[in-house]
Every structure is written in structure tokens, then in C-alpha cells.
Amino acid sequence: MKKITPQFIVEFIATNNIPFIPTQSRLSIPIISRMCSKMEHHVKFGEIKICGKLIIDGHHRYLSSLIMNFELGQVATNLTSATKETPWNQIEFDENDWDSAVGIEHLNRLDAEYNKLELEFLRRITSNDE
């Protein structure tokens, strides 16, 4: 899998038509990278939440699915008063990991159960060593 970097993502956004509009102004590169790795290994994810063309929940999943050409479901939801559009070219891509080691382990456990996979497999594909 190609290394997910801010430059790669900025170039991807600039050269691809992205139908849904973000409502989150920052995304974490390490989270996107882990999701891309899971998608590369056919790990299933829950749907993203959208309202019209706006992403309400699932920004990291959505962008990862586009990068990996991975089919991801969508479910309609409502806007809140705090919902604000942010163009893709204005998103800040943070190289810091927003998930703790405990959080990553928790997500891997949930994904292992949801996908009926061995937890060790998910640990291996989401480790920083890959």
C-alpha cells in the first residue's frame, strides 16, 4: 500500500472528484492510514452518516474508502446547528495520531468481532511497523 502522507492526500483530493462535502476541518493522517490498511485487507466498516451532500460522521472512513476504492455504505441523518461545510482543499491533515494505543486496541477488538477476524491479524496490519 502507498504510504499515506499529507502530500499524497492533498494530491489525491486535487485530482479526484469527491462527491460528499466535509463538515470537519481537520483529519488525522495515522487514522486514515490505519483505515486504508484495513480496507486493503477487506475489513468491513459501518456506514458514514450524511445529510444531503454533507458528511456528518465518518470523515476518516469516507476519505480512506475513496483512496482505497472501497465500497462504503451511507445512512441519512440530520444536521445540527454546529454543522459547517469545509471545502476539501481547506482541510488540515494532522500527522499526529488522535487515537491512543488503548483506543486503537479497542477499535481493533470491535473490528475483529464485527468482521469475525483474529484480533492479532488486525493488530499486525495496523501497527506502525508496516
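Every value quoted in this text rests on a predicted model; they were computed, and no experiment measured them. (Residues numbered from 1 in each chain as written. Predicted model: local features only at pLDDT ≥ 70, side-chain atom pairs only at ≥ 80, totals over all residues. Heavy atoms only, no water.)

**Some thoughts on the pattern of salt bridges**
Argument step 1. Applying the stated criterion across every chain yields a total of nine salt bridges.
Argument step 2. One salt bridge connects Glu-92 with Arg-26, and the closest N-O pair in it is separated by 3.5 Å. In this pair, Glu-92 sits in strand 5 (residues 92-94) while Arg-26 sits in strand 1 (residues 26-28), placing the two residues 66 residues apart along the sequence.
Argument step 3. By relative accessible area, Arg-26 is classed as partly exposed at 33%.
Argument step 4. As a salt-bridge pair, Arg-61 and Asp-57 come within 3.3 Å of each other at their nearest N and O atoms.
Argument step 5. In this structure Asp-57 comes out as partly exposed when scored by relative accessible area, which is 35%. (Salt bridge = Lys/Arg side-chain N within 4 Å of Asp/Glu carboxyl O. Helix = DSSP H or I, 4+ residues; strand = E, 2+ residues; numbered from the N terminus. Buried < 20%, exposed > 50% of the residue type's maximum accessible area, 1.4 Å probe, protein only.)

**Structural notes on the layout of surface pockets**
Argument step 1. In this structure, the second largest pocket occupies an estimated 290 Å³ of space.
Argument step 2. Mapped onto the lining of the second largest pocket, the elements with two or more residues apiece are helix 2 (29-40) and helix 4 (101-115).
Argument step 3. Element by element, the count of residues in the lining of the second largest pocket is highest for helix 4, at five residues.
Argument step 4. Split into classes, the residues belonging to the lining of the second largest pocket amount to six nonpolar, two polar and five charged. (1 Å grid on protein atoms, 1.4 Å probe; cavity = no way out; pocket = protein on both sides within 12 Å on 5 of 7 lines; lining within 4 Å. Points joined across faces, edges and corners; volume = space filled by probe spheres on them. Nonpolar A, V, L, I, M, F, W, Y, C, P; charged D, E, K, R; others polar.)

**A short note on the packing of helix 2 against helix 3 (residues 59-68)**
Argument step 1. Two numbers describe how helix 2 lies on helix 3: the axes approach to 9 Å, and their chain directions differ by 50°. Between helix 2 and helix 3, the angle falls in the class oblique. Read as a crossing pair, helix 2 and helix 3 show a hand that is right-handed. For the pair helix 2 and helix 3, contact is made by Ile-31, Ile-32, Met-35, Cys-36, Met-39 and Glu-40 and by His-60, Arg-61, Leu-63, Ser-64, Ser-65, Ile-67 and Met-68, respectively. (Axes fitted to C-alpha atoms, helices over the stretch in contact; angles between N-to-C directions. Parallel < 35°, antiparallel > 145°, perpendicular 65-115°, else oblique. Left-handed = near helix turned anticlockwise from the far one by under 90°. Contact = heavy atoms within 4.5 Å.)

**Focus: the side chain of Ser-64**
Argument step 1. Topologically, Ser-64 is positioned in helix 3.
Argument step 2. Leave out the neighbours within four places in its chain, and Ser-64 touches Ile-32, Met-35, Cys-36 and Met-39.

**Section: the pairing of strand 3 (residues 54-57)**
Remark: a regular strand shows side chains that alternate across the two faces of the sheet.
Argument step 1. As judged from the three bridges shared by strand 2 (residues 48-51) and strand 3, these two strands associate in the antiparallel manner. Opposite Cys-51, over in strand 3, you have Leu-54 as the bridge partner.
Argument step 2. Between strand 2 and strand 3, which pair antiparallel one after the other, the connecting turn spans two residues, and Gly-52 there sits at a positive phi close to 65°. (Pairing = 2+ DSSP bridges.)

**So, the nonpolar core**
Argument step 1. Core analysis: the biggest nonpolar cluster contains 31 residues, and Ile-4, Ile-9, Ile-32, Leu-63, Ile-67, Trp-88 and Phe-93 have the highest contact counts within it.
Argument step 2. Within the residue set of this core, elements represented by two or more residues are helix 1 (6-15), helix 2, strand 2, helix 3 and helix 5 (119-125).
Argument step 3. Apart from the residues lying within four places of it in its own chain, the contact partners of Leu-63 are Ile-9, Phe-12, Leu-27, Ile-32, Trp-88 and Phe-93. (Core = buried A, V, L, I, M, F, W, Y, C linked by side-chain atoms within 4.5 Å.)

**Looking at helix 2**
Argument step 1. Counted at 1.5 Å a residue, the expected span for helix 2 with its twelve residues is 16 Å, and the 16 Å between its end C-alpha atoms agrees.
Argument step 2. Of all twelve residues making up helix 2, ten are buried, and the element is well covered by its neighbours.
Argument step 3. When helix 2 is considered as a whole, its buried residues turn out to be Ile-29, Pro-30, Ile-31, Ile-32, Arg-34, Met-35, Cys-36, Ser-37, Lys-38 and Met-39.
Argument step 4. Close packing links the buried residues of helix 2 with helix 1, strand 1, helix 3, strand 5, helix 4 and helix 5.
Argument step 5. Just downstream of helix 2, His-42 is the residue with a positive phi angle, here 65°. (Expected span 1.5 Å × (residues − 1).)

Worth remembering: the numbers are spatial, not functional.
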